[in-house]
Every structure is written in structure tokens, then in C-alpha cells.
Amino acid sequence: MQPGTHFAFGDHEEHGFVASFTASMPAHLAHWYLEREQFEPVPQEPGLYRLSEPERDGVRRTRQAVHDLRRQGYTVQADIRLDPSLSAGPPRPARPNGLQERRSRLAQAAAGRTTQRSTPPTTSPPAARPIPPKPTYAPTVHLTAATGGRSR
């Protein structure tokens, strides 16, 4: 295994698609990532994880796990058929939600000066709005009383 490798993925005769982590990866963090990628710890085999429900599109799901961990910046070693960069048909790209780009634009806008104000704001208090005068008349409302039931 190459130095600096964080995860390794492969096939196992008994457990199917498996993953493990190296000493360069904290155990609790590796456990968290592998569980999020639908791998479960193998009893009696410390540090070994197997893909849950491997019969349900196991190759694609394992390749997606390799792809996801690499996108997070980890070094991953995988068998040829489980490595999306070496095998045909890489996993479908995730659609970006634009959150990172939006945050970047907001940060740039907050750091820059606005072009909406051409003069600096004044320190004097804002001018008070005038209060409209009271009306000199009292409106009269004529109400008629209804006589019993509904009108037709």
C-alpha cells in the first residue's frame, strides 16, 4: 500500500465488498465516513468494514464510496474494478447545489464597497416625516337596518 493512504477497498471471498482504513486515519473518523457510505463493521475483524446489502448494486455503491472519499481529499486505494478512475464508466457526477459559489459571491460582496451610494452617509439624524393634519370634517355613515330574513 502506498504511504499516506487513508482507505483501501476490495473484494473479499466471505464478506463481499470490503473497506479498511490505515493508521494515518483516526479510527473514529474512518468509522464515521464508512458508515455514511453504507459500510458496517465486520464482527471479529477489527478495522474491516463490509458493504451492507452488496447484492443491491454493490459495485456501483462501492465505486461511489471511493469517489466520495477522494472528493473529501482522502487517498484511497481500490481494486481495479472498484476504482472509478481506472475502470470504465465513472459514477454519475453529483449535481452541485451552488452553495459554495453563493457563499463566495456573498463574501466578496460583503468585503467590497457598494456602488449604490455616491456620497458617504451623514452623521446627522434623519429628517422627521411630517405628520398629516387632522381632517376638519367627520365622515357620516348611513346604515340601514335589515328587516328580517335574507334579501332577494
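Residue numbers here run from 1 along each chain, matching the order of that chain's written sequence. Restriction of local features to residues with pLDDT of at least 70 applies here, the model being predicted, together with a cutoff of 80 or more for giving and counting side-chain atom pairs; totals for whole chains, interfaces and linings are based on all residues. Only hydrogens and water are set aside when side-chain values are computed; all heavy atoms of the structure are taken into account.

### Brief notes about the pattern of salt bridges
- Whenever Lys or Arg places a side-chain nitrogen within 4 Å of a carboxyl oxygen from Asp or Glu, that contact is recorded as a salt bridge. Enumeration according to the criterion identifies four salt bridges in this entry.
- Its salt-bridge partner being R56, residue E53 comes within 3.0 Å of it at the nearest N-O pair.
- The shortest N-O distance in the salt bridge between R60 and D57 comes to 2.6 Å.
- Exposure categories follow from relative accessible area, calculated using a 1.4 Å probe and restricted to protein chains: below 20% of the type maximum is buried, above 50% is exposed, and the middle band is partly exposed. The class of D57 is partly exposed, set by a relative accessible area of 39%.

### A word on the pairing of strand β1 (residues 7-12)
- Sheet topology note: the β1/strand β2 (residues 16-21) ladder contains six bridges and is antiparallel. Across the sheet, A8 pairs through a bridge with S20, a residue of β2.
- The antiparallel pairing of β1 with β2 creates a hairpin that spans three residues between the two strands.
- Paired strands, in this sense, are two strands between which DSSP finds at least two bridges. Numbered from the N terminus, helices here are DSSP runs of H or I no shorter than four residues, and strands are runs of E no shorter than two. Relative to strand β5 (residues 76-78), β1 runs parallel, the two being bridged by three bridges. Counted as the bridge partner of F7 is V76 from β5.

### Concerning the pairing of β2
- Pairing geometry for β2 and strand β4 (residues 48-51), over three bridges, is antiparallel. Paired with V18 across the bridge in β4 is R50.

### Observations concerning the confidence of the model for the protein
- Per-residue confidence from the predictor is reported as pLDDT, which spans 0 to 100. The predicted model of the protein averages 80 in pLDDT, with 77% of residues at 70 or higher.
- Here helix α3 (residues 99-111) is the element of the protein with the lowest mean pLDDT, 74, and strand β3 (residues 39-41) is the one with the highest, 94.

### Quick word on the packing of aromatic side chains
- Here is the rule: rings of Phe, Tyr and Trp (six-membered ring for Trp) pair when centre to centre is within 6.5 Å. Planes less than 30 degrees apart are stacked, more than 60 are edge-to-face, and the remainder are tilted. Applying the stated rule across the entire model yields five aromatic pairs.
- Here F7 and Y74 contribute two aromatic rings whose centre-to-centre distance is 5.8 Å and whose plane-to-plane angle is 90°, an arrangement assigned as edge-to-face. In this pair, F7 sits in strand β1 while Y74 sits in the loop between α2 (58-71) and β5, placing the two residues 67 residues apart along the sequence. Considered together, F7 and Y74 belong to a single accessibility category, that of buried residues.
- The interplanar angle of 70° and the centroid separation of 5.2 Å between the aromatic rings of Y33 and Y74 together place this pair among those described as edge-to-face. Of this pair, Y33 sits in helix α1 (residues 27-36) while Y74 sits in the loop between α2 and β5, and the two are 41 residues apart along the sequence. This pair shows no difference in class: Y33 is buried, exactly as Y74 is.
- A connected cluster of aromatic rings, assembled from ring pairs, spans F7, W32, Y33 and Y74.

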